[in-house]
Amino acid sequence: DILFWQANDDSQEEDECGIAHGKVFSEFDDEHLQKSSNVIEQIFLKADESFDIIDTLEFVDSLQKSRRYNRYVIQYAFEIFLTHHSLARSNKLKVPEFTDAPSGMDMSTHAMVPPVGEPEEIWMDYWRHDADFVDHHRHWHRVYRARGIPGTEADHLDRQGELFVYMHRQMLARYNAEREAWGLEPVEPWEFTDVDPLGSDAGDEFHNSDRNSGIRPRPAGLKWSMPDIRQFQVWTNNIRRAFRENIIQPNQGAQSALQQIRLGENNDLENPSSSSANWVGHIVEATSGTFYDNYGSLHNSGHGVFGQLGQQSGFSTYMATTAHAVRDHIFFRWHKFIDNLVEEYHQTQKTELGVDSPPVVIEENDIIISTSTHPPDGFSDWNENHWSNNNFSSDLIETTLDLPQRQFEWGKLSHNAFNYHLRIRRRGVTGQELRLTFRIFICPAQHANDRRRWIEMDKFRYILGAMETNSIITRQDVHSSVIRRFPQDAADDLEVPLARTVSGFCECGWPYNLLLPRGKADGEKYLIAVLISDNSIDSLRIRSSCGSLSYCGARDNKYPDRRQMGYPFATPISVNGQEMSVTETISSLDNFTSSAFVIKNTDRRFGDKTHHEPTSHLSDIHTDIVAWRSRSQLSLRISDEFRLSSWDGRFRLLIDGRQIIDTNAFAETGYIRLRLQGRGQGRGVYVITGVTMATRQGQTLNTSGEVYEITFNDGEPSATIPETGILTDPIQMTLIPQSDYFLTFTLQAPGVYLVGNGDTCMWRIANPRGRALDEMNWDVDEVNDQITHTRRNLYVVARILINN
Ligand SMILES: [Cu+2]
């Protein structure tokens, strides 16, 4: 209950930690972070003192009900407690997942258009809004909280700065792979003076949910303020100077222990937490406040600027919170800027691959990616000192893009289960056990020489016995080190003796369903690369049996891989001192190889319409417009009051066919009537004109077939609609269940408030599960008189569409 508690208080009064009650708490806001620390400490203190979980929960509950603190702060602090405190872990408490199924609004109210014609940014929405992906990012920031965890000494976890950079860099690699499959350009870095023409909108289902109150769509076309731009330029220049001079300056007057940090000096594998890569991450994210004077809080503050763009006080956009930031395409542009900045430093470094190689050989024919759990016949045939057969190829791996499965999703990508079959042979004589680290990556084939396009897929330890000359290894996708693993899959993992269950970090990791990029409808060529390194140097030891080793480390442990994160692609590569491209490196090393395979996607979201251009048959009025674009101008939460839409013009309202259950009544009478209701500006009436109704054309935003003109008061083409609502003249048409309709009209009032009634029908903007509002209790009898037996039969989930 604590995490879902609604204060029903959106007041802008300050609470005791100085954040207004109705305000969305932002982990990217340095002030908010510091203020939340006090609440986190109170909860940790209570848990430490009582060591009683019930006491602690009651304490949090009373703290929340006392309303001394902003509810989001309490919820955030409580999540930190669940993630990090041993009392929560030993009681197997964890942050619950939001697993609600999508409501009936999903696709149709999101007004999705099939991906045809020129690629559009919105085609990627299924990926950005994937609930498991959103959770991954949110949970990572709970585990790796900037400003540290009470009871631990440092203000950050082991190698947090480095992991921050690496985890987000991998998100970008995957994002670009996904974009490319749609024909979209790779993500552009944000520049401070840019203006985003698109904005961002998570849709009605998201914004109608009480859970997201306080969060608003990000408007298009807004600029950063000049003071912000100047401030960010100063910070960026100071960071560049630190890279150039190899010195990071702490704040003036920092404790004496904090000297300036010399970059480029501490890159030895014995002490990776003091590596330059880690320090660079710390100052860019601003994990700790120690360097704030010179470098600010570059990454976090950027989130803050986007979070406040065009918002009234008390509201913010997705970017303000780690729980939702990835929904906004601007997140990736911002992170591309951050990543490019860090890359400026990485460019000055080298990763030497000619040394430390274990004496093993793996070649192109020794890697298969396959849907079968067994390697093909002959794969293991061995002839004294070499493999007998080399004619193997990988299977075609299929992905599917389907309808949404969880709340706020726009689609769901998944892939066939697959396995890696690998074979290695020893170079030289037997007699010594070899401890090896396998690292598996994929990359769109055409980008093989762009280090930052390689996607980590797996990393595991393997021991080649002292007398073994060769070995076959099969590894399942569900055991991947990057994913958040399903507990039931831990048991048969190769590494079970090395794993241990540490709750708390189990929720951390890349979602399994997104392990593979989508690929193209007609197949897309990828490379899979395997690098085998020396585990006695890497020290890949203990791992959590469920959380992701690559992204979450292991609780209470050092990060379990001493190599620079992203190894071997973290920096430019050299082999025996000579700089080489990725493909040159692969062909020059025995312990590094690649092989091709194909990913092919089926899009099931639009039935067979995916590959057809929509015929532009639409538009009863605007024949020059080929499609309607959805806008959520009315997606403001309207659960308990009227809200101003601030729009006028021509609109289109969807009548969702799945909500039309029983049309016997229509068939009997042969006509329908619509009831229109709402409130004009200043609680007045509003005027509506040019009203038509027609069948929706497939899943498009167009209409087809007969257009029914709708009149009022015995033939008037327009109507003045009072707050109490009016009915249209009878319309001679029959509604067919499962068939969608559009009501199209011109709204002449500049701004109108709309609200509906849960029981009957008509204009409805609120939550489709229905919440009748007392003050709006319609005269049901009157409605029943007019539209016999239609209660609950016709149900309009309103998505107002505006032409564009
Ligand atoms: Cu992040």
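Everything below is about the structure printed above this text.
Everything quoted here is computed from the prediction, not taken from an experiment.

### Notes on the overall build of the chain
Step number 1: Per the secondary structure count, the chain includes 19 helices and 30 strands.
Step number 2: Residues counted as buried form 60% of the 804 residues belonging to the chain.
Step number 3: In the chain, 78% of the contacts between residues at least 6 apart in sequence involve partners at least 24 apart.
Step number 4: Per element, the accessible surface of the chain, about 31,100 Å² overall, is 45% carbon and sulfur.

### A closer look at the coordination of the copper ion
Each donor-metal-donor angle would ideally measure 109.5 degrees in four-coordinate tetrahedral geometry, or 90 or 180 degrees in six-coordinate octahedral geometry.
Step number 1: Around the copper ion, the protein contributes the donor atoms H137 (NE2), H141 (NE2) and H168 (NE2), which lie 2.0 to 2.1 Å from the metal centre.
Step number 2: Mapped onto the sequence, the donors of the copper ion take the spacing H-x3-H-x26-H. In this pair, H137 and H141 are both assigned in helix α7 (residues 131–143), four residues apart and thus about one turn of the helix distant.
Step number 3: For H137, a relative accessible area of 0% translates into the label buried.

### Structural notes on empty space enclosed by the protein
Step number 1: If you walk through the whole model with that rule in mind, you get 12 cavities of 30 Å³ or more.
Step number 2: Counted as a void, the second largest cavity has a volume near 170 Å³.
Step number 3: Around the second largest cavity, the lining comprises 16 residues; the ones closest to its centre are Y166, R169, M565, G566 and A570.
Step number 4: Here the residues of the lining of the second largest cavity sort into eight nonpolar, four polar and four charged.
Step number 5: Shared between two domains, the lining of the second largest cavity holds at least three residues of each, these being domain 2 (124–349) and domain 3 (351–603).

### Quick look at unusual backbone geometry
Step number 1: Each neighbour pair has its own omega, and for Y567 with P568 the value is 5°, a cis peptide bond.
Step number 2: Among the structural elements, P568 can be located in the loop between α16 (549–552) and β17 (573–575).
Step number 3: Residue D714 is not a glycine yet carries a positive backbone phi of 60°.
Step number 4: Secondary-structure assignment places D714 in the loop between β25 (703–710) and β26 (718–721).
Step number 5: Judged by its relative accessible area of 76%, D714 falls in the exposed class.

### What to know about the packing of helix α2 (residues 53–65) against helix α3 (residues 71–84)
Step number 1: Two numbers describe how α2 lies on α3: the axes approach to 10 Å, and their chain directions differ by 165°. As summarised for this structure, α2 and α3 are arranged roughly antiparallel, according to the angle between their axes. For the pair α2 and α3, the sense of crossing is right-handed. The residues of α3 that touch α2, namely those facing I53, T56, L57, V60, L63 and Q64, are R71, I74, Q75, F78 and F81.
Step number 2: The residue inventory of the contact of α2 with α3, partitioned by class, reads seven nonpolar, three polar and one charged.

### Here we look at the sheet that holds strand β15 (residues 524–534)
Strand pairing in a sheet takes place through backbone hydrogen bonds and is either antiparallel or parallel in direction.
Step number 1: Here we have six strands laid out as an open sheet, ordered β9-β8-β19-β15-β11-β12, and mixed in their pairing. The open sheet has two edge strands, β9 (412–415) and β12 (455–464), and neither has a second partner. Looking at each pair of strands side by side, their axes are set apart by 25° on average, direction ignored.
Step number 2: Across nine bridges, strand β11 (residues 434–444) lies against β15 in antiparallel orientation. Of the residues in β15, the one forming a bridge with T437 is S533.
Step number 3: Relative to the sheet, helix α8 (residues 160–181) contacts β9, β11, β12 and β15, its axis offset from that of β12 by approximately 120°.

### Here's the deal with the pattern of salt bridges
Oppositely charged side chains can pair when the atoms bearing their charge come close.
Step number 1: In this structure the tally under the stated criterion is 34 salt bridges.
Step number 2: Measuring nitrogen to oxygen at the nearest pair gives 2.8 Å for the salt bridge that ties R452 to D339. Residue R452 is located in the loop between β11 and β12, and its partner D339 is located in helix α14 (residues 329–346); the two are separated by 113 residues in the primary sequence.
Step number 3: With relative accessibility at 5%, the residue D339 sits in the buried group.
Step number 4: Residue D561 pairs with R439 through a salt bridge whose shortest N-O separation is 2.8 Å.

### Here we look at the packing of aromatic side chains
Step number 1: Inspection of the entire model under this criterion finds 37 aromatic pairs.
Step number 2: Relative to F291, the ring of W279 has its centre 5.9 Å away and its plane inclined at 80°; by these criteria the two rings are edge-to-face. Residue W279 is located in helix α11 (residues 276–286), and its partner F291 is located in the loop between α11 and α12 (292–295); the two are separated by 12 residues in the primary sequence.
Step number 3: Of the residues examined, F291 reaches a relative accessible area of 4% and is grouped as buried.

### Section: the sheet that holds strand β3 (residues 351–352)
Step number 1: Reading across from one edge, β3-β17-β18 is the order of the three strands in this open sheet, with mixed pairing throughout. Looking at the sheet topology across the chains shown, the edges are occupied by β3 and β18 (578–580).

### Some words on the pairing of strand β19 (residues 592–603)
Step number 1: Here strand β8 (residues 397–402) pairs with β19 via five bridges, running parallel. Looking at the pairing, L401 lines up with D603 of β19.
Step number 2: Two elements, β15 and β19, share eight bridges in a ladder whose sense is antiparallel. Paired with L531 across the strands is F592, a residue of β19.

Rules of the game
Residues numbered from 1 in each chain as written. Predicted model: local features only at pLDDT ≥ 70, side-chain atom pairs only at ≥ 80, totals over all residues. Heavy atoms only, no water. Helix = DSSP H or I, 4+ residues; strand = E, 2+ residues; numbered from the N terminus. Buried < 20%, exposed > 50% of the residue type's maximum accessible area, 1.4 Å probe, protein only. Contact = heavy atoms within 4.5 Å. Areas by Shrake-Rupley, 256 points an atom, 1.4 Å probe, with all protein chains shown as cover. Donors = N, O, S within 2.8 Å, 3.2 Å for Na, K, Ca; no water. 1 Å grid on protein atoms, 1.4 Å probe; cavity = no way out; pocket = protein on both sides within 12 Å on 5 of 7 lines; lining within 4 Å. Points joined across faces, edges and corners; volume = space filled by probe spheres on them. Nonpolar A, V, L, I, M, F, W, Y, C, P; charged D, E, K, R; others polar. Domains from an automatic or database assignment. Axes fitted to C-alpha atoms, helices over the stretch in contact; angles between N-to-C directions. Parallel < 35°, antiparallel > 145°, perpendicular 65-115°, else oblique. Left-handed = near helix turned anticlockwise from the far one by under 90°. Pairing = 2+ DSSP bridges. Salt bridge = Lys/Arg side-chain N within 4 Å of Asp/Glu carboxyl O. Phe/Tyr/Trp six-rings, centres within 6.5 Å; stacked < 30°, edge-to-face > 60°.

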